Amino acid sequence: MKFPFLSILAITLIYGQKIDFKNHPYGSLGKDNLLSANTSIGDIDNDGDVDIAVANGRHWSQFNQIFYNDGSGFFRRSKLIGFEANTSYLANLVDIDNDKDLDIVVANDRIKNQIFKNDGKGNFTFDAFFGRQISNTRGLCLADLNSDGFLDIAEANRKSQNFIYFNDGRGRFKNEIAFGDSFEATINIVASDVNQDGNLDLILANRNKQTNRIYFGPAFKDFIYFGEGDDETRKVVLADMNQDGFDDIIAVNVGDKNFIYFGDKEYQFKSFLPFGRSVDKTMALAVGDLNQDGKLDIVVGNNNQSNQYYINNGSALTMFDYGLRTTITYGITLGDVDNDGDLDIIEANSGSENLIYYNNGALRK
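Overview of the structure. Remember, it's a predicted structure, so these values are computed and weren't measured experimentally. The numbering scheme is per chain: residues are counted from 1 as the chain's sequence reads. Under the rules for a predicted model, residues below a pLDDT of 70 receive no local features and side-chain atom pairs below 80 are neither given nor counted, while totals for whole chains, interfaces and linings still include all residues. Side-chain measures were taken over the full set of non-hydrogen atoms in the model, leaving aside hydrogen atoms and water.

### A few points about the side chain of Arg58
Mapped onto the fold, Arg58 is located in the loop between β3 (51-56) and β4 (62-68). Distance and chemistry together define a polar contact, namely a pair of N or O atoms within 3.5 Å, with one atom able to donate a hydrogen and the other to accept it when in protein, and with adjacent residues in sequence counting only for side-chain atoms on both sides. Looking at Arg58, its side chain comes within polar contact range of the side chain of Ser350, at 2.8 Å. The criterion used for residue contact is that any of the two residues' heavy atoms lie within 4.5 Å. If near-sequence neighbours (up to four positions away) are discounted, Arg58 is found in contact with Leu35, Ser36, Ala37, Ser88, Tyr89, Tyr330 and Ser350. Under the scheme used here, helices are H or I runs from DSSP no shorter than 4 residues and strands are E runs no shorter than 2 residues, and both carry numbers assigned from the N terminus.

Next up, the structure:
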């Protein structure tokens, strides 16, 4: 088994080429300094460009929003999601009822989670609650966990039991199972078939110095640990970073280095590569091919320090700072907002403007 990253354990400052990421005076999602936690992208109004849903209200209730792309990558028109403010951490655009338009699933802190249905024209109406009033929901993973053709929801609750809610085929979620321990401080969940047995598994990022876990589907009872054992992990992403046919786990932490844990035929994620600095307070993560070279790169969002992107040249990662040093970036989303063929960076910032950094390609040396 070959792990091309493992031969170079230091972050190189030589090989990657810097990308020209620039903000524009119109490159923000409004001018309000809201407590934003997440953005989600999709073509809400079927006009061929990417629109953005924003989750607001970390700890204090605020309105969630939709921003409509004007076709050039700017977002001059917006409207509220629903008629009430909530303490929201996630507003995911996803087709929850298989009717070929994007609905919105909202994760709330100590308020029941919500589903807003799309009428097919980009208008959203509240449809149903799910979850529990007492749950400190921080994340939702949308995936077909029972292989029935409909998206189910795995709910990450920071200070209470995690649950799976099964889709009844109409976008309602009445059947549920608990999974994991009631004391797990889970903040993020992603789904992937990590052991390649045909069933989706759940990969959990746990806070409060708890060990991260992988629960194996379809029962989600058996699990293994991954990570250092006392991490403050905020986000995980699954991606084949070294192109060996196995999913790797990228995990970002507060107050410690971030890590790539490499998948292999043993499915134990014992080989790893640290990246970043031990003093970084990384809270957000996204993975995508920023420079269109066929290799996956990494973008991280930090707390009151510059955000960073890491260019993958196949054997090492090169770190570059970008953006402001004063933002608390709680969410990072990658998408081609200006339809020029490359990935732009969308930041969800808590307490300051949500910013877009447009990818203008590699800078010439």
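### Comments concerning the environment of Ala53
Summarising the element assignment, Ala53 is placed in strand β3. The spatial distance from the C-alpha of Ala53 to the C-alpha of Leu29 is 9.8 Å, given a sequence separation of 24 residues. Once residues lying within four places of it in the same chain are set aside, the contact partners of Ala53 are Asn38, Thr39, Ser40, Gln65, Ile66, Ile81, Ala91 and Leu93.

### Re the nonpolar core
Membership of the largest hydrophobic core comes to 20 residues, with the highest contact counts inside it found for Val194, Ile203, Ile214, Phe226, Val236, Ile249 and Tyr261. For this core, the elements supplying multiple residues, two or more each, are β14 (186-192), β15 (201-206), β17 (223-226), β18 (233-239), β19 (248-253) and β20 (258-261). Not counting residues within four places of it along the chain, the set of residues in contact with Tyr261 comprises Phe226, Gly227, Glu228, Asp231, Asp248, Ile249, Ala251, Phe269, Ser271 and Phe272. Nonpolar cores are built from buried Ala, Val, Leu, Ile, Met, Phe, Trp, Tyr and Cys residues. Side-chain atoms within 4.5 Å join them into one set. Think of it in three bands: with a 1.4 Å probe and only protein chains considered, a residue is buried below 20% of the maximum accessible area for its type, exposed above 50%, and partly exposed in between.

### Digging into the sheet that holds β15
Here the rule is simple: two strands pair whenever DSSP picks up at least two bridges between them. Pairing within the open sheet is antiparallel, and its four strands lie in the order β14-β15-β16-β17. At either end of the open sheet lies a strand with only one pairing partner, and these are β14 and β17. If you compare each strand with its neighbour and ignore which way they point, the axes differ by 25 degrees on average. Sheet topology places strand β16 (residues 212-215) next to β17; four bridges connect them, and they run antiparallel. Paired with Tyr215 across the two strands is Phe223, which belongs to β17. Interaxial angles span 0 to 180 degrees and are taken between N-to-C directions of axes, which are lines fitted to C-alpha atoms, for helices over the stretch in contact.

### Observations concerning the sheet that holds β18
Strand order across the open sheet formed by four strands is β18-β19-β20-β21, with antiparallel pairing between neighbours. Because the sheet does not close on itself, it has two edges, and the strands there are β18 and β21 (272-275). Put simply, the sheet's adjacent strands are angled 20 degrees from each other on average, direction ignored.

### Some words on the packing of aromatic side chains
A ring pair, where both rings are aromatic, is described by two values, the distance of the centres and the angle of the planes. Geometry of aromatic contacts follows a simple scheme: Phe, Tyr and Trp rings, the Trp one being its six-membered ring, pair when their centres are within 6.5 Å, and the pair is stacked under 30 degrees between planes, edge-to-face over 60, tilted otherwise. One pass over the structure, following the stated rule, counts 22 aromatic pairs. Ring centres of Phe275 and Tyr310 lie 5.0 Å apart, and the angle between their planes is 80 degrees; on these two criteria the pair is classed as edge-to-face. Of this pair, Phe275 sits in strand β21 while Tyr310 sits in strand β24 (residues 307-312), and the two are 35 residues apart along the sequence. Of the two residues, Phe275 and Tyr310, both sit in the buried class. Among the aromatic residues, those joined into a cluster by ring pairs are Phe21, Tyr309, Phe320, Tyr322 and Tyr357. Note on criteria: charge over ring means Lys NZ or Arg CZ within 6 Å of the ring centre, with the direction from the centre no more than 35 degrees off the ring normal. Lying over the aromatic face of Tyr68, Arg77 brings its terminal NZ or CZ to 4.0 Å of the ring centre. One Lys or Arg, Arg213, reaches over the ring of Phe223 and ends 4.3 Å from the middle of that ring.

### Topic: the environment of Phe163
Position of Phe163 relative to the elements: it lies in strand β12 (residues 162-166). For Phe163, a relative accessible area of 10% gives the class buried. Spatially, the C-alpha atom of Phe163 lies 10 Å from that of Thr137, the residues being 26 residues apart in sequence. Non-local contacts of Phe163, meaning those with residues more than four positions away in its chain, are made with Arg132, Ile153, Ala154, Glu155, Asn157, Glu176, Ile177, Ala178 and Phe179.

### Considerations on the pattern of salt bridges
Basic side-chain nitrogens of Lys or Arg form a salt bridge, by our definition, when they fall within 4 Å of a carboxyl oxygen of Asp or Glu. Tallied over the full model, the rule gives 14 salt bridges. One salt bridge connects Glu176 with Arg132, and the closest N-O pair in it is separated by 2.5 Å. Within this pair, whereas Glu176 is found in strand β13 (residues 175-179), its partner Arg132 is found in the loop between β9 (124-130) and β10 (137-143), the two being separated by 44 residues in sequence. Given a relative accessible area of 31%, Arg132 falls into the partly exposed group. With its nearest N and O atoms 3.1 Å apart, the salt bridge here joins Asp280 to Arg277. What emerges from the salt-bridge pattern is a single network uniting Asp97, Lys117, Asp127 and Arg172.

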